[in-house]
Structure formats: C-alpha cells, structure tokens
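# Observations on chain architecture
Listed below are the residues making up each chain.
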Amino acid sequence: MLRIAIQKSGRLSEESLKLIKECGISFVNSSLKLKTECTNFPLEILYLRDDDIPGYVADGVADIGIVGENVLVEEGMQQLAVEQLGFSKCRLSLAVPKSADYDDISDLAGKNIATSYPNLLQSFLDEKGVQAHIHTISGSVEIAPSIGLADAICDIVSSGSTLISNGLKEVERVFKSQAVLISNQNLSSEKQQVLNKLLFRIHAVQRAQRAKYILLNAPNDKVDTISQLLPGIKSPTILPLAEEGWSSLHSVVNEDDFWEIIEKLRDAGAEGILVVPIEKMIK
Ligand code: PRT
Ligand code: ZN
C-alpha cells in the first residue's frame with residue numbers, strides 16, 4: 001500500500017483529488033477524515049497541511065505527495081520532486097505600492113520586504129546582487145505596506161486581483177510554480193512498483209488533457225491533402241461515407257495546434273468538423 005499526502009483543504013486539494021479520480025482510483029472522500037483507503041488501487045490518502053507534506057514525505061510517514069513547487073523549494077526539498085502536474089499554477093512576485101517609483105530591482109536595496117518565502121526571496125536577491133531586509137510573516141502579506149510594516153512584499157500571485165485591491169503593483173517575478181508530485185527517496189521495490197503504475201495512469205490522463213479527437217468529412221479528392229494536415233498518433237483513420245465520393249477522417253490533434261489546424265482543414269475542403277475530448281490516452 002502506497003501512502004499519498006495531499007492538502008487537506010486549500011488551493012491544491014480539489015485538483016489533487018480530481019487527478020486521483022481521473023486515474024480511475026475510487027475512494028470515499030471526507031474532509032473530516034485524516035486518511036482514506038482507496039478501494040480499487042493499493043493507495044492510502046493522507047490529508048495534511050501543505051507545508052507539512054515535504055517533511056512527511058522525506059521522513060517516510062507518507063511515501064509520495066502533491067505540493068506546490070513554491071513550498072517544496074522554500075523548504076529546500078526539491079530533491080523529492082518527481083514531476084510537475086500542470087495545475088495550481090502561480091508565481092511568487094515582488095510588489096510595491098502603486099504610487100511608488102520603480103525602475104528596477106536596485107530600487108529595493110536597503111528596503112523592508114515582507115514575505116512568507118524568505119529563502120526563495122533571499123536567493124533571488126542574492127542572484128541580483130541586491131541587499132534588503134526580509135521580514136518573514138506567515139499570512140496577510142499583502143497588507144504589510146499599508147500598515148507600515150514593509151516597503152514591498154513578495155507573495156504568491158495568480159490572477160493579480162489581490163495585489164490590485166491592496167493598491168500594489170507587481171514589479172518582479174521571483175519564482176514560477178505549479179503542483180508537483182514528490183516521492184520519498186527510499187521507496188521499497190513494491191512501493192516503487194505501485195508508484196510506477198500510478199505514474200503510468202497520470203501520464204495517460206495528462207496526454208488526454210492536451211489532445212482532442214477530431215472527426216471530419218471530406219471529398220475523396222481532398223483526402224490526401226487533409227491527411228497531411230492531421231498528424232495523429234500514427235496516421236488518420238479514413239472511412240468511406242455512405243454518400244459516394246466522400247470519406248470520414250478521424251485523428252488526434254494537440255490542443256496547442258488546434259486552432260491553426262482547424263483553419264487549414266477548412267481551407268483544404270473539410271466539412272462537418274467535430275472535436276471531442278479524450279478521457280485517457282495510452283501510448
Ligand atoms: O492550510 P494550508 O497550509 O494547507 O494551506 P495554505 O493556506 O498555506 O495554502 P493555499 O491553499 O492558499 O495554497 C496552496 C498552494 O496553492 C500554494 O502553495 C501555491 O503553490 C498554490 N497557489 C496557486 C496559490 C495561489 N494560486 C494563490 N493565488 N497559493 C496562494 N494564493 C494566494 C496568494 O497567497 C494571495 O493571497 O492567493 C492570493 C493571490 O491570488 P490572486 O488571484 O488574487 O493573484
Ligand atoms: Zn500552508
């Protein structure tokens with residue numbers, strides 16, 4: 001049985017549980033519980049504060065976990081990272097009052113900066129050769145300038161609306177973050193096998209999220225041109241339509257190339273284009 005630590009309640013919780021479910025793993029979810037055993041996969045879920053997850057995984061209380069890279073690197077535990085998961089994307093940024101003059105990072109020399117991420121901030125300032133006073137506070141960092149506690153802050157930003165509503169402007173990006181899967185470095189071979197199975201499923205889910213299944217109709221004399229536009233996994237499936245002289249083409253396209261391909265397909269004579277989501281994709 002592999003033990004995974006996920007955030008009990010916060011910005012990582014919902015997506016972490018969703019990923020486990022999308023891997024076809026069933027469990028009874030209860031926010032009141034400390035742990036849950038999955039019913040159809042040798043996995044036990046531990047619900048923890050996000051800050052505690054790297055430590056518990058390093059100590060082997062949990063075997064694996066899901067945490068923000070910002071927390072992982074701040075705690076100096078990046079060696080536990082297995083892979084990025086693509087959700088809970090955010091950035092750690094420096095911000096100053098909207099009215100402050102700011103040209104570049106040297107403007108922060110000698111200033112007071114409030115943050116919950118002293119280590120990430122210190123290494124950024126060191127890299128830039130700037131000396132400033134770091135005040136470590138654990139919450140409500142964004143109000144520090146307005147109460148006179150600091151000249152600037154260094155905090156997590158996603159939409160930017162918290163900064164705006166506190167009269168602050170983002171001036172430097174210190175660190176880019178997303179959720180990451182971490183693992184204890186001394187897993188038994190049995191546990192490593194379960195982790196490999198889980199990773200296989202996670203990869204299938206991730207590939208499917210980026211891919212779309214596309215179906216379209218084309219006159220037979222356009223099929224070659226259109227096939228060239230559809231990369232697919234191997235090559236497109238081509239089936240005759242009931243209507244003489246027409247075919248149906250099926251393939252898989254990457255979400256990133258999607259709009260460009262659609263336009264080219266229409267220009268090449270494709271009709272009745274359908275694009276549908278893919279649930280799982282095995283290579
Ligand atoms: O209780 P526990 O300790 O488990 O949770 P927490 O309160 O420490 O963490 P939580 O749930 O707030 O965040 C967990 C992780 O989500 C963080 O470590 C980040 O990796 C990631 N994440 C993604 C964010 C945000 N987006 C985010 N917007 N973490 C925090 N914020 C906060 C930020 O601190 C600021 O107050 O949201 C505000 C800014 O948001 P915008 O959209 O207004 O810019
Ligand atoms: Zn926390």
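Residues numbered from 1 in each chain as written. Chains lettered and ligands numbered in written order. Predicted model: local features only at pLDDT ≥ 70, side-chain atom pairs only at ≥ 80, totals over all residues. Heavy atoms only, no water.

### Observations concerning the overall build of the protein
Condition: For helices the rule is a DSSP run of H or I covering at least 4 residues; for strands it is a run of E covering at least 2, with both sets numbered from the N terminus onward. Per-residue accessibility, obtained with a 1.4 Å probe over protein chains only, is compared with the maximum for each type, and a residue is labelled buried under 20%, exposed over 50%, and partly exposed between these values. Should any heavy atoms of two residues lie within 4.5 Å, those residues are counted as being in contact. Each accessible area value is a Shrake-Rupley result obtained with a 1.4 Å probe; residue values ignore everything except the protein chains displayed when judging cover. Neither His nor the chain ends is counted toward charge; the positive residues are Lys and Arg and the negative residues Asp and Glu. For charged residues, the charge sits on one atom: NZ in Lys, CZ in Arg, CG in Asp, CD in Glu.
If you tally the helices and strands in the protein, you get 8 helices and 15 strands. With the principal axes as the frame, the protein shows a C-alpha extent of 75 × 50 × 30 Å. For the protein, buried positions account for 45% of its 283 residues. A separation of at least 24 residues holds for 68% of the contacts in the protein among residues at least 6 apart in sequence. Roughly 15,500 Å² of accessible area belongs to the protein as shown, and the carbon and sulfur atoms make up 48% of that amount. In the protein, 28 positive and 38 negative side-chain charges are present, and the distance between their average locations comes to 5 Å.

### Some remarks on the pattern of salt bridges
Using the following cut-off: Any carboxyl oxygen of Asp or Glu within 4 Å of a side-chain nitrogen of Lys or Arg constitutes a salt bridge here.
Under the counting rule described, the total for this entry stands at 10 salt bridges. R49 is the partner of D51 in a salt bridge, and the nearest nitrogen-oxygen pair spans 3.5 Å. A relative accessible area of 34% places D51 in the partly exposed class. A salt bridge links E255 to K212; its shortest N-O distance comes to 3.5 Å. Of this pair, E255 sits in the loop between β14 (246–254) and α8 (258–267) while K212 sits in strand β12 (residues 211–219), and the two are 43 residues apart along the sequence.

### Some words on the coordination of the zinc ion (ligand 2)
Which entries qualify depends on this criterion: The rule for donors is simple: N, O or S, within 2.8 Å of the metal, or within 3.2 Å if the metal is Na, K or Ca. Water isn't counted, so a site may look like it is missing partners. Irregular is the label for any site that misses the other tests, which are tetrahedral for four donors with all angles between 85 and 135 degrees, and square planar for four donors or octahedral for six when opposite donors exceed 155 degrees and the remaining angles lie between 65 and 115.
Binding of the zinc ion (ligand 2) to the protein goes through D50 (OD) and D51 (OD), at separations of 2.0 to 2.1 Å. Angles of 74 to 174° at the metal separate the 4 donor atoms of the zinc ion (ligand 2), which places the site in the irregular class.

### Focus on the site of ligand 1
Condition: Whether a residue is near a molecule or strand depends on its heavy atoms: if one lies within 4 Å, it is near. Each polar contact in these results corresponds to two N or O atoms within 3.5 Å; when the atoms are within protein, one needs to be able to donate a hydrogen and the other to accept it, and residues that are neighboring in sequence are counted only if both atoms are side-chain atoms. Polarity classes work like this: nonpolar for Ala, Val, Leu, Ile, Met, Phe, Trp, Tyr, Cys and Pro, charged for Asp, Glu, Lys and Arg, and polar for all others, with Gly in that last group.
Taken together, the neighbourhood of ligand 1 is formed by 20 residues, with R49, N70, S159, G160 and T162 sitting nearest. Take S159: an N or O atom from its side chain is 2.6 Å from an oxygen atom of ligand 1. Considered on its own, ligand 1 offers 840 Å² of accessible surface; in the complex 79% of this is hidden by protein. Taken together, the elements giving at least two residues each to the shell around ligand 1 come down to α3 (69–74), β9 (152–157) and α5 (161–165). Examining the composition of the shell around ligand 1, we find that 3 residues originate from one element, β9, more than from any other. Its residues assigned to classes, the shell around ligand 1 comprises 5 nonpolar, 10 polar and 5 charged.

### Focus: the side chain of Q7
Among the secondary structure elements, Q7 is positioned in strand β1 (residues 2–7). A distance of 3.3 Å separates a polar atom in the side chain of Q7 from the backbone nitrogen of R11. If we skip the residues at most four places from it in the chain, Q7 touches L12, S13, L48, D50 and I53.

### Topic: the nonpolar core
The nonpolar side chains of a soluble globular protein tend to be buried, and buried together. Note the following rule: Here, nonpolar core refers to any group of buried Ala, Val, Leu, Ile, Met, Phe, Trp, Tyr and Cys residues whose side-chain atoms link them within 4.5 Å.
One finds L94, I105, L108, I113 and I182 to be the most contacted residues of the largest nonpolar core, which totals 31 residues. Secondary structure elements with two or more residues in this core: β3 (43–48), α2 (53–59), α3, β6 (90–97), α4 (118–128), β9, β10 (168–177) and β11 (179–183). Looking at this core, the element that brings in the most residues is α4, giving 4 residues. Ranked by size, the runner-up nonpolar core spans 28 residues in total, among them I4, I6, L17 and I25.

### Concerning the environment of A100
Locating A100 in the fold gives a position in the loop between β6 and β7 (112–115). As a C-alpha pair, A100 and D267 span 167 residues in sequence and 52 Å in three-dimensional space.

All we've got here are geometric facts, nothing functional implied.
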